[in-house]
Amino acid sequence: MVAACSPSPGWRQRLISPRSISPAWHPERLAARLPFLRRRARLEAELRAFLCARGYMEVATPVLQPCPGMEPNLDPFATRYAAKLGGEERDLFLQFSPEFAMKKLLAGGAGPIFQLARVFRNGEAGRNHQPEFTMLEFYRPGAGLGALLEETEALVRALVPEGLRTASMTVPTDRAFERLTMAEAFRRHCGGLDILRTAPDPLAPDVALLAEAARSLGIVHRPGETWQDLFFRLLLERIEPAIGRERPTFLTHWPASEAALSRRDPDDPRVALRFELFAAGLELANAYEELTDAAEQRTRFAAWAAERERGTGERRAVDEDFLAALEFGLPACSGIAMGFDRLAMLASGAGRIEDVLWLPAV
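Residues numbered from 1 in each chain as written. Predicted model: local features only at pLDDT ≥ 70, side-chain atom pairs only at ≥ 80, totals over all residues. Heavy atoms only, no water.

1. Thoughts on the packing of helix α3 (residues 99-107) against helix α9 (residues 320-329)
Worth spelling out the cut-off: Here an axis means a line fitted to C-alpha atoms, over the contact stretch when the element is a helix, while the angle between two N-to-C directions is reported on a 0 to 180 degree scale. Strands are runs of DSSP state E lasting at least two residues, helices are runs of H or I lasting at least four, and both sets are numbered from the N terminus onward. Orientation is classified from the angle alone, with under 35 degrees giving roughly parallel, over 145 giving roughly antiparallel, 65 to 115 giving roughly perpendicular, and any other angle giving oblique. Left-handed describes a crossing in which the near helix is turned anticlockwise from the far one by less than a right angle; the clockwise case is right-handed. When checking whether two residues touch, look at their non-hydrogen atoms; a contact exists if any pair is within 4.5 Å. Charged residues are taken to be Asp, Glu, Lys and Arg, nonpolar residues to be Ala, Val, Leu, Ile, Met, Phe, Trp, Tyr, Cys and Pro, and polar residues to be all remaining types, Gly included.
Across the interface, α3 lies against α9 with an axial gap of 9 Å and an inter-helix angle of 30°. Looking at the two axes, α3 sits roughly parallel to α9. Of the two elements, α3 crosses α9, and the hand of that crossing is left-handed. Contacts between α3 and α9 involve Phe100, Lys103, Lys104 and Ala107 from the first element and Asp321, Phe322, Ala325, Phe328 and Gly329 from the second. The residue makeup of the contact of α3 with α9, split by class, is 5 nonpolar, 1 polar and 3 charged.

Shown next, in the form of structure tokens:
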């Protein structure tokens, strides 16, 4: 309704009141952020040079998508497209990630590609989160997960040779990053827990087995908590605080139940070809050797949609155009999503994500 956008009495006074000045653009606040923002700008230029020198092509895909993504735990920003003169109307969403769109380009033969994309997650805000942020994604056809891991390490070492830093620590980047499988991480940091034993069926991991193991660590299984819930609680509370401090850590070979959009390891179907990169207390990146099987991808999407519907009542529609691209033929490839703002934080020593944003959304 137009009336809802009309100025209310006293709007002029509120606009010029010092209390109404947004800290995002207040001169003093901006001046305090400028050293971090200058480092961000250099980082962005160096990143483009690094990837272009390695044969990647920069692309730009729409932020408005018919499906924001299928992750059941993420909430989208929604809008309504209405064509002029009585044309079609349909729901569109601000993307969680450019992944679906970029894979459509890969299926069409675009080759190695990258993008610094604006992405959106409703409800997220805090020291390390914003509802709108920048995601670096790059994909290389023909590369396995190991090759992508090596390239990611080379990228971080080239962009931040001085080390990744916060106010309390500096994580050096001048020596080999740690490689740690998820199974070994649980054994090392969760009292010898064999995480793969608790998931004999990747489609139905055994929460009772995991709850029993967690109890020996003094962690109580909460009512209604699923295997995935407890798995991620252990990961967050016991493993993430212990890794990526002496050197960046690649956490690899996730349980197959957490494959997301990655393929299973043909040598060990209990695990998926997926890694995440951690440094200085932050998760920086999530990477897959990509699933190319359209039928299996549709099955996973159906499971995620059902989970979303159970939790919120929302039935999220699948991006059929993306599945059509998979059916046409996504080449064997690996890809990574890296939080560029978080990388800028650790390159500049910023304490909060808003310090490396030109104008924070919230």
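Following the structure, the description resumes.
2. With respect to the nonpolar core
Short version of the rule: Joining through side-chain atoms within 4.5 Å is the link that ties buried Ala, Val, Leu, Ile, Met, Phe, Trp, Tyr and Cys residues into a set, and such a set is a nonpolar core. Residue burial is assigned from relative accessible area. The probe radius is 1.4 Å, only protein chains are included, and a residue is buried under 20% of its type maximum, exposed over 50%, and partly exposed in between.
Leu51, Phe138, Leu155 and Leu164 are the most contacted members of the largest nonpolar core, which totals 41 residues. Those elements that provide at least two residues to this core are α2 (27-53), β5 (113-120), β6 (132-141), α4 (145-159), β12 (268-279), β13 (282-289), β14 (333-339) and α10 (340-348). If near-sequence neighbours (up to four positions away) are discounted, Leu51 is found in contact with Tyr56, Phe114, Leu136, Phe138 and Leu155.

3. What about the sheet that holds strand β4 (residues 89-94)?
Here is the rule: For two strands to pair, DSSP has to find at least two bridges joining them.
With respect to topology, 3 strands assemble into an open sheet ordered β2-β4-β3, the strand pairing being antiparallel. In the strand order of this sheet, the two ends are held by β2 (64-65) and β3 (77-82), each with one partner. Relative to β4, β2 runs antiparallel, the two being bridged by 2 bridges. Bridging across to β4, Gln65 finds its partner in Phe93.

4. Regarding the packing of helix α5 (residues 182-189) against helix α7 (residues 227-239)
At their nearest, the axes of α5 and α7 sit 11 Å apart, and the two run at 60° to each other. The angle between α5 and α7 falls in the class oblique. Helix-helix and strand crossings are classified by hand; for α5 and α7 the assignment is left-handed. Listed contacts from α7 to Met182, Ala185, Phe186 and His189 of α5 are Phe231, Leu234, Leu235, Arg238 and Ile239. Grouping the amino acids of the contact of α5 with α7 by side-chain chemistry returns 7 nonpolar, 1 polar and 1 charged.

5. Things to note about the side chain of Arg316
Note the following rule: Polar contacts, as used here, are pairs of N or O atoms within 3.5 Å; protein pairs need one atom able to donate a hydrogen and one able to accept it. Residues neighboring in sequence count only if both atoms are side-chain atoms.
One can find Arg316 in the loop between α8 (294-312) and α9. Exposure remark for Arg316: the relative accessible area of 5% places this residue in the buried category. Polar contacts involving the side chain of Arg316 include one to the main-chain carbonyl oxygen of Gly69, which spans 3.5 Å. Side-chain polar atoms of Arg316 contact the side chain of Glu314, separated by 3.5 Å. Other than its neighbours up to four places away in sequence, Arg316 contacts Pro68, Gly69, Met70, Glu71, Pro72, Leu74, Pro76, Phe96, Ala305 and Arg308.

6. Things to note about the environment of Met102
Within the secondary structure, Met102 sits in helix α3. Residue classification places Met102 among the buried positions, given a relative accessible area of 0%. Residues Met102 and Val59, 43 residues apart in the sequence, show an inter-C-alpha distance of 8.3 Å.

7. A closer look at the pattern of salt bridges
Pairing between side chains of opposite charge can happen when the charged atoms of each approach one another. This is how the line gets drawn: The working definition used for a salt bridge is a side-chain nitrogen of Lys or Arg within 4 Å of a carboxyl oxygen of Asp or Glu.
A complete count under the given rule lists 33 salt bridges for this structure. Where Glu162 meets Arg39, a salt bridge forms, and the shortest distance between an N and an O atom there is 3.2 Å. Separated by 123 residues along the polypeptide, Glu162 in the loop between α4 and β7 (164-165) and Arg39 in helix α2 bring together distant segments of the chain. Under the relative-accessibility criterion, Glu162 is labelled partly exposed at 42%. Exposure remark for Arg39: the relative accessible area of 9% places this residue in the buried category. Notably, a salt bridge pairs Glu296 with Arg300, separated by 2.6 Å at the nearest N-O pair. Linking Glu296 with Arg300, this pair stays in helix α8, spanning 4 residues, or about one helical turn. Bridged by salt links that share partners, the residues Asp75, Arg308, Glu314 and Arg316 form one connected network.

8. Looking at α3
A large share of α3 lies buried, amounting to 7 of its 9 residues. When we look at burial in α3, the residues that qualify are Glu99, Phe100, Ala101, Met102, Lys103, Leu106 and Ala107. Following α3 by one or two positions, Gly109 adopts a phi angle in the positive range, close to 95°.

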